[in-house]
Amino acid sequence: MRDGDESRAGAALLDWYDRHHRGMPWRMPPAAKAAGARPDPYRVWLSEVMLQQTTVATVRGYYEKFTSLWPTVSDLARAEDADVMAAWAGLGYYARARNLLKCARAVLKDHGGVFPDSAEGLRALPGIGPYTAAAVAAISYDEPAVVVDGNVERVVARLWADETPLPGAKPVFTDYATRLTPAARPGDHAQAMMDLGATICSPRNPACALCPVNDFCAAHKAGIAASLPRKMPKPEKPTRQGTAYLARRRDGAVLIETRPPKGLLGGMPGFPTSGGVGPEIPPPLPAYWQNLGEVRHTFTHFHLVLQVMVAEVGNNATPWTGQFVAGASFDPAVLPTAMRKVWDLAAAAPAP
Ligand code: SF4
């Protein structure tokens, strides 16, 4: 990208977005906005929180579930913690769900159920970082806030053919994104950048021939697009070992433990687990524990290997941790994915 090309590239991008934007349930199409409709900041915020580290395809169903259960931020603020955590189960990164509730309650208590209408005001809410504040302010209120995520970093690194490796390049890439953000329609511009990065300027095989800004793209001209952005090598993830204890009473009740509110899988239901995701603990009750094998799950910073121990116990068995939940009331869909894998392994095992 040459100096002075930014506004022409921005205009070409918006023109492309008008014709090719992706339809999403939380999105306000350009034609509707032009007719005066405004995006609902609650829905924009909810979708942006869900989309962190998660694909659009996965988020759609969760978004529909949340907005039908809790159509407004005030409804969400009044929801029970356990209901929200259950609705979030399987989406991962459970701190997001806890922060979602904190934020919704702050919007209701401190702002009368109306989201602040600036990135600065949004940033002051619990759980809203600079990216989410900028995205919600740009998309909901057309504030020319600069929205920079991995897609945007990739696009600008290529437009400017900047070979500085991430994460050190972040401030420079933010500067490029700022130069590209127009004063008019910054919300649609932010979404156009997201769409371009997700559909055309893809990580491995950018479809430069179809790209609306290929005339301005230095990496495309130099033939190095697919190699950008450069990244510092990531440290190897460690592997942690643990043991999950799945106890079932003869009447079908399952021993469930709600994890502490803070930390990994905080506030989520699961099976008592020793090591791996918490401290070493003894089995939850004396029993004949049978080892069914292991399940593996990868979190952001480590791989987890859990040995799955199962036991059938009497109806009067008293665990030192957790509570038995009647089989008829237990829904494995509320489990986070790592615990769901434990459940699935036990469910697939032949009866003793
Ligand atoms: Fe990405 Fe290619 Fe478009 Fe450049 S021309 S922005 S590398 S898709």
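Residues numbered from 1 in each chain as written. Predicted model: local features only at pLDDT ≥ 70, side-chain atom pairs only at ≥ 80, totals over all residues. Heavy atoms only, no water.

Caption draft 1: Region of interest: helix H7 (residues 95-111). The terminal C-alpha atoms of H7 lie 23 Å apart, and with 17 residues this matches the ideal 24 Å at 1.5 Å per residue to within 8%. Among the residues making up H7, those that are buried are Arg96, Ala97, Arg98, Leu100, Leu101, Cys103, Ala104, Ala106 and Val107. The first or second residue beyond H7 is Gly112, which carries a positive phi of 65°. (Helix = DSSP H or I, 4+ residues; strand = E, 2+ residues; numbered from the N terminus. Expected span 1.5 Å × (residues − 1). Buried < 20%, exposed > 50% of the residue type's maximum accessible area, 1.4 Å probe, protein only.)

Caption draft 2: Layout of the side chain of Thr67. Locating Thr67 in the fold gives a position in helix H4 (residues 56-69). A distance of 2.8 Å separates a polar atom in the side chain of Thr67 from the backbone oxygen of Tyr63. A polar side-chain atom of Thr67 sits 3.3 Å from the main-chain carbonyl oxygen of Glu64. Discounting residues that sit within four places of it in the chain, Thr67 has contacts with Arg43 and Leu46. (Polar contact = N/O pair within 3.5 Å; in protein donor to acceptor, adjacent residues only side chain to side chain. Contact = heavy atoms within 4.5 Å.)

Caption draft 3: Local environment of the environment of Phe330. Secondary-structure assignment places Phe330 in the loop between strand S7 (323-325) and helix H14 (337-348). Sequence separation between Phe330 and Leu159 is 171 residues; the distance between their C-alpha atoms is 52 Å. Residues within four places of Phe330 in sequence aside, it is in contact with Val254, Ile256, Val325, Leu335 and Trp343.

Caption draft 4: Expanded view of the site of the ligand. Around the ligand lies a shell formed by Arg158, Leu159, Ile200, Cys201, Pro206, Cys208, Cys211, Asn214, Cys217, His220 and Ala225. Taking a 2 Å distance to the grid points as the criterion, the majority of the atoms of the ligand fall inside the largest cavity. (Near = heavy atom within 4 Å. 1 Å grid on protein atoms, 1.4 Å probe; cavity = no way out; pocket = protein on both sides within 12 Å on 5 of 7 lines; lining within 4 Å. Sits in = over half its atoms within 2 Å of the grid points.)

Caption draft 5: Representation of the packing of helix H3 (residues 41-51) against helix H9 (residues 130-141). Relative to each other, H3 and H9 sit at 145°, their axes nearing to 9 Å. Crossing of H3 over H9 shows right-handed handedness. Contact residues: H3 offers Pro41, Val44, Trp45, Glu48 and Val49, while H9 offers Tyr131, Thr132, Ala135, Val136, Ile139, Ser140 and Tyr141. Here the residues of the contact of H3 with H9 are counted per class, giving nine nonpolar, two polar and one charged. (Axes fitted to C-alpha atoms, helices over the stretch in contact; angles between N-to-C directions. Left-handed = near helix turned anticlockwise from the far one by under 90°. Nonpolar A, V, L, I, M, F, W, Y, C, P; charged D, E, K, R; others polar.)

Caption draft 6: Spatial organisation of the domain arrangement of the chain. Examined at the domain level, the chain breaks down into domain 1 (6-227) and domain 2 (239-348). In this structure, domain 1 and domain 2 have C-alpha centres spaced 36 Å apart. Contacts between the two partners involve seven residues from domain 1 and, on the opposite side, 12 residues from domain 2. Buried surface at the junction of domain 1 and domain 2, summed over both partners, amounts to about 700 Å²; 57% is from carbon and sulfur atoms. Along the contact surface separating domain 1 from domain 2 lie zero salt bridges. Where domain 1 packs against domain 2, one counts three residue pairs in polar contact (both at pLDDT 80 or more). In terms of residue class, the side of domain 1 that touches domain 2 is built from five nonpolar, one polar and one charged. (Domains from an automatic or database assignment. Buried area = accessible area lost by both parts, 1.4 Å probe. Salt bridge = Lys/Arg side-chain N within 4 Å of Asp/Glu carboxyl O.)

Caption draft 7: Local environment of empty space enclosed by the protein. This model, assessed by the stated rule, comprises two cavities of 30 Å³ or more. Empty space within the largest cavity amounts to approximately 100 Å³. The wall of the largest cavity is formed by 14 residues, among which Arg158, Cys201, Cys208, Cys211 and Cys217 lie closest to the centre. It is helix H10 (residues 150-159) that provides the largest number of residues to the lining of the largest cavity, a total of three residues. Taken as a whole, the second largest cavity spans an internal volume of roughly 60 Å³. In terms of lining, the second largest cavity is formed by Ala145, Val146, Val147, Val152, Ala177, Thr181, Pro186, His189, Ala190 and Met193. Top contributing element to the lining of the second largest cavity by residue count: helix H12 (residues 186-199), with four residues. The residue inventory of the lining of the second largest cavity, partitioned by class, reads eight nonpolar, two polar and no charged. (Points joined across faces, edges and corners; volume = space filled by probe spheres on them.)

Caption draft 8: Representation of the nonpolar core in the model. Trp45, Met50, Phe66, Leu76, Trp88, Phe115 and Phe271 are the most contacted members of the largest nonpolar core, which totals 70 residues. Of the residues that make up this core, three or more belong to each of domain 1 (6-227) and domain 2 (239-348). In contact with Leu76, other than residues within four places in its own chain, are Tyr42, Trp45, Phe66, Trp70, Val84, Leu100, Leu101 and Ala104. In terms of nonpolar packing, the next biggest core, distinct from the first, is built from 31 residues, Leu166, Tyr176, Val213 and Cys217 among them. (Core = buried A, V, L, I, M, F, W, Y, C linked by side-chain atoms within 4.5 Å.)

Caption draft 9: Looking closely at the confidence of the model for the chain. Across the chain, pLDDT averages 93, with 99% of residues at or above 70. Per-element averaging of pLDDT across the chain places helix H2 (residues 30-34) at the bottom with 87 and helix H5 (residues 73-77) at the top with 97. (pLDDT = per-residue confidence, 0-100.)

Caption draft 10: Up close: the packing of H3 against H4. Relative to each other, H3 and H4 sit at 140°, their axes nearing to 10 Å. With respect to their mutual orientation, H3 and H4 come out oblique. Two packed elements cross with a definite hand, and for H3 against H4 that hand is right-handed. Of the residues in H4, those in contact with Tyr42, Arg43, Leu46, Ser47, Met50 and Leu51 of H3 are Val56, Val59, Tyr62, Tyr63, Phe66 and Thr67. (Parallel < 35°, antiparallel > 145°, perpendicular 65-115°, else oblique.)

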